[in-house]
Amino acid sequence: MKFTSVFDIIGPVMIGPSSSHTAGAARIGRAARDLFGRQPKWAKIYLYGSFAETYRGHGTDVAIVGGLLDYDTHDERIKTAFEDAEKAGLSFEFIPEEAHKEHPNTTRIVMGDDEGEMSVEGISIGGGKIEISEVNGFKLRLTGGMPAILVVHDDRAGCIANVANCLAMHDVNIGHMEVSRIERGLTALMVIEVDQNIEDRVLQQISYIPHITKVSKINN
Amino acid sequence: MDVLFQNVRELVERAEQEGKLISEIMIEQEIGITGRSREEIMKQMDRNLTVMEEAVERGLNGVHSVTGLTGGDAVLLQKYIASGKSLAGDLLLDAVSKAVATNEVNAAMGTICATPTAGSAGVVPGTLFAIQHKLNPTREQMINFLFTSGAFGFVVANNASISGAAGGCQAEVGSAAGMAAAAIVEMAGGTPQQCAEGFAITLKNMLGLVCDPVAGLVEVPCVKRNAMGAANAIVAADMALAGITSRIPCDEVIGAMYRIGESMNPDLKETARGGLAATPTGKALAAKIFGGAVVQGQ
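Since the structure is predicted, the reported quantities are computational estimates derived from the model, not experimental observations.

What follows covers the overall build of chain B. When helices and strands are counted, chain B shows 13 helices and one strand. The helix and strand sequence of chain B, counted from the amino end, reads α-α-α-α-α-β-α-α-α-α-α-α-α-α. Over its C-alpha atoms chain B spans a radius of gyration of 19 Å, differing by no more than 12% from the 19 Å that the globule rule assigns to 298 residues. By principal-axis analysis of the C-alpha atoms, chain B measures approximately 60 × 45 × 40 Å. Relative to its 298 residues, chain B shows a buried fraction of 57%. The contacts of chain B with a sequence gap of at least 6 include a subset with a gap of at least 24, amounting to 76%.

Now the structure itself:
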């Protein structure tokens, strides 16, 4: 079930004109910023399908940039996101792609600063609802409907148990968990959906666990 | 997770067996799934209702989009109603004008509440604030109108689509109109089954509707499609309340909508490459708005 709440249907409260192309786009941008952990200094925003064809008319561009600036769907500042980005030291570029993705409203945001880079792919599935479908080349399915932690780690025995233990110590309940890896013995990714927003100190503790290379989160 | 219904049949059966309104089943499911309190859920829907009221009010005062393609039609309709010359009837045109008002605000990048999407945000509030004057509902009944709409939208979103890019305008304004029809039937005292009939009759008449926004903007023809979605919803609700049923069950109509959306050419699914967007005037408008840099459609 992709849509779980009545407020996915009657909602969100948002700045027009399009729930999928404006509100959904803002949410993908904001989720990307959350995952990156801070405001990036630059972003290359690849657009696919209907996003690529109609992004200017729908304000998809200002919405994604607004999301990268941490604006919510109903934030009136979305309209001035381009000017705001310049002031905030965020440069950006839009690249409409001809390639077809599985879903018509797909964007891939490659962003970074002096300390690192990250690639996040998101899809806008209708009514402002989104899914994050890829992070740094890892396929996943994250709805953004629940807070979640993403842990990139070496593919070693005990990593998953250590992270689960750390969460248990902080009384954090795991609602759903997925693990995947690109190649056996190399890098792996844990996607952990949890019941409440996670404090930064918990993430920091996870990052101290051996073989953990990166920890990020999406708040609800 | 406590899912009480996955399709309209289950929704109606549960409501009729328990002697409850559709809106009540939706509220109970929301409590079960999210673990939030009834009070919290009612409060959030109350806030959404307020956003809808403010958007209609703003639109009825007259707004215009940045491109100038849309705006001011809600005002024209209200003046026409006031002249007493309306052929369709005041209630129907009032609903149409309020649906238009909401979408004019949306096109002007104003604040709206998506129902189920922004492009189709006019239909549900448009009909609600028009029949309000006829049925004099309480605030709680008005909030329930949104839960009933939401219950049907929930089924469509999970079994078909509410996205124009995925299913065409039938998935957006079509779904919105069906949702509104079902909610009108409930508010007017119809049975849960009659709500489903109202939804089915409405959506059947929206099947095949393509999403072909001129210049990719949510303006032409979106605003007027909301107008007709509102009219469709009220007429279908009256038909259902009169005892007329749909020969094709509601869930099968939703299934048909999904398959039609799947087989629709991508040019007709919010890419601005086909339909009205690809007419000579549609293309000329796109060129004018974007300075000739992008001429969409062939």
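Quick look at the overall build of chain A now. Per the secondary structure count, chain A includes six helices and 11 strands. Relative to the 2.2 N^0.38 estimate, which gives 17 Å for 220 residues, the radius of gyration of chain A is 17 Å and therefore close to what a compact globule would have. Structurally, chain A occupies a C-alpha span of about 50 × 40 × 35 Å along its principal axes. Considering chain A as a whole, with its 220 residues, one finds that 49% of them fall into the buried category. When contacts within chain A are restricted to residue pairs at least 6 apart in sequence, those whose partners lie at least 24 apart make up 69%.

With that settled, consider helix α13 (residues 280-289) of chain B. Residues and elements named next belong to chain B. Of the positions making up α13, those classed as buried are Gly-282, Leu-285, Ala-286 and Ile-289. Along the axis of α13, the buried positions cluster into a sector of 100°, meaning they face one direction only. Of the exposed residues in α13, the ones pointing more than 90 degrees away from its buried face are Pro-280 and Lys-288.

Moving on: the packing of helix α9 (residues 169-187) of chain B against helix α11 (residues 222-241) of chain B. Residues and elements named next belong to chain B. Two elements in contact, α9 and α11, have axes separated by 8 Å at closest approach and are oriented at 40°. Taken as axis vectors, α9 and α11 run oblique relative to one another. As for how α9 packs across α11, the hand of that crossing is right-handed. For the pair α9 and α11, the contacting residues are Cys-169, Val-173, Ala-176, Ala-177, Ala-180, Ala-181, Ile-184 and Val-185 in the first and Arg-225, Asn-226, Gly-229, Ala-230, Asn-232, Ala-233, Ile-234, Ala-236, Ala-237, Ala-240 and Leu-241 in the second.

The next thing to look at is the environment of B:Ile31. All names here are of chain B. Here Ile-31 is to be found in helix α2 (residues 22-34). Under the C-beta neighbour-count criterion, Ile-31 is labelled partly exposed, with 15 such atoms within 10 Å. In this structure the C-alpha to C-alpha distance between Ile-31 and Leu-49, which are 18 residues apart in sequence, comes to 19 Å. Those residues within four positions of Ile-31 in sequence are excluded, and the remaining contacts are Arg-36, Arg-38 and Ile-41.

With 38 residues of chain A at the interface, the matching set in chain B holds 49 residues. Of all the elements in the fold, those that place two or more residues in the side of chain A that touches chain B are β1 (13-15), α1 (19-36), α2 (49-58) and β5 (116-126) of chain A. If one sorts the elements of the side of chain A that touches chain B by residue count, α2(A) sits on top with seven residues. Looking at the side of chain A that touches chain B residue by residue, the class counts come to 14 nonpolar, 19 polar and five charged. With three bridges connecting them, β1(A) and strand β1 (residues 111-113) of chain B associate as antiparallel partners. Counted as the bridge partner of A:Met14 is B:Ile112 from β1(B).

Let us now look at the sheet that holds strand β7 (residues 138-142) of chain A. Residue and element names in this part refer to chain A. With respect to topology, six strands assemble into an open sheet ordered β3-β2-β4-β5-β6-β7, the strand pairing being mixed. Edge positions in the sheet fall to β3 (91-96) and β7, since each has one partner strand and no second. In this sheet, adjacent strand axes meet at a mean angle of 20° when their direction is disregarded. Bridge count between strand β2 (residues 42-48) and β3: six bridges; the pairing is parallel. If you follow Tyr-46 over to β3, its bridge partner there is Ile-95.

All names here are of chain A. Splitting chain A by domain gives domain 1 (6-142) and domain 2 (148-218). When each unit is reduced to the centre of its C-alpha atoms, the spacing between domain 1 and domain 2 is 25 Å. Taken together, the 10 residues of domain 1 in the interface contact 10 residues of domain 2. Of all the secondary-structure elements, those providing two or more residues to the side of domain 1 that touches domain 2 are α1 and β7. In terms of residue count, the dominant contributor to the side of domain 1 that touches domain 2 is β7 (four residues). The residue inventory of the side of domain 1 that touches domain 2, partitioned by class, reads six nonpolar, two polar and two charged.

Annotation from UniProt places "domain: Serine dehydratase-like alpha subunit" (unreviewed entry) at residues 18-277 of chain B. Counting secondary structure, residues 18-277 of chain B comes out at 65% helix and 1% strand; the distance between its end C-alpha atoms is 48 Å.

Ranked by internal contacts, the top residues of the largest apolar core, which has 164 residues, are B:Ala180, B:Ala181, B:Ile184, B:Ala230 and B:Ala233. Top element by residues in this core is α9(B). It accounts for 13 residues. Each of domain 1 (6-142) and domain 2 (148-218) of chain A gives at least three residues to this core. Once residues within four sequence positions are removed from consideration, B:Ala180 is found in contact with B:Val123, B:Val124, B:Thr127, B:Ser149, B:Ala230 and B:Ala233.

Excluding glycine, a negative phi dihedral is what most residues carry, and trans is how most peptide bonds are arranged. A:Pro17 follows A:Gly16 through a cis peptide bond whose omega is 10°. Cis peptide bonds are those with omega within 30 degrees of zero, and the linkage from B:Thr115 to B:Pro116 qualifies with -5°. Position of B:Pro116 relative to the elements: it lies in the loop between β1 and α6 (123-135). Unusually for a residue other than glycine, A:Asp171 sits at a positive phi of about 60°. Counting through the fold element by element, A:Asp171 comes out in the loop between α5 (159-169) and β9 (174-181). Judged by the 8 C-beta atoms lying within 10 Å of it, A:Asp171 is exposed. Although it is not a glycine, B:Asn136 adopts a positive phi angle of roughly 45°. Turning to its location among the elements, B:Asn136 is positioned in the loop between α6 and α7 (139-159).

Cut-off values and rules
Residues numbered from 1 in each chain as written. Chains lettered and ligands numbered in written order. Predicted model: local features only at pLDDT ≥ 70, side-chain atom pairs only at ≥ 80, totals over all residues. Helix = DSSP H or I, 4+ residues; strand = E, 2+ residues; numbered from the N terminus. Rg over C-alpha atoms; globule rule 2.2 N^0.38 Å. Buried ≥ 20, exposed ≤ 12 C-beta atoms within 10 Å, placed from the backbone. Contact = placed C-beta atoms within 7 Å. Arc of directions from axis to C-beta. Axes fitted to C-alpha atoms, helices over the stretch in contact; angles between N-to-C directions. Parallel < 35°, antiparallel > 145°, perpendicular 65-115°, else oblique. Left-handed = near helix turned anticlockwise from the far one by under 90°. Nonpolar A, V, L, I, M, F, W, Y, C, P; charged D, E, K, R; others polar. Pairing = 2+ DSSP bridges. Domains from an automatic or database assignment. UniProt positions renumbered as here; feature names shortened; annotations may be inferred. Core = buried A, V, L, I, M, F, W, Y, C linked by C-beta atoms within 7 Å.

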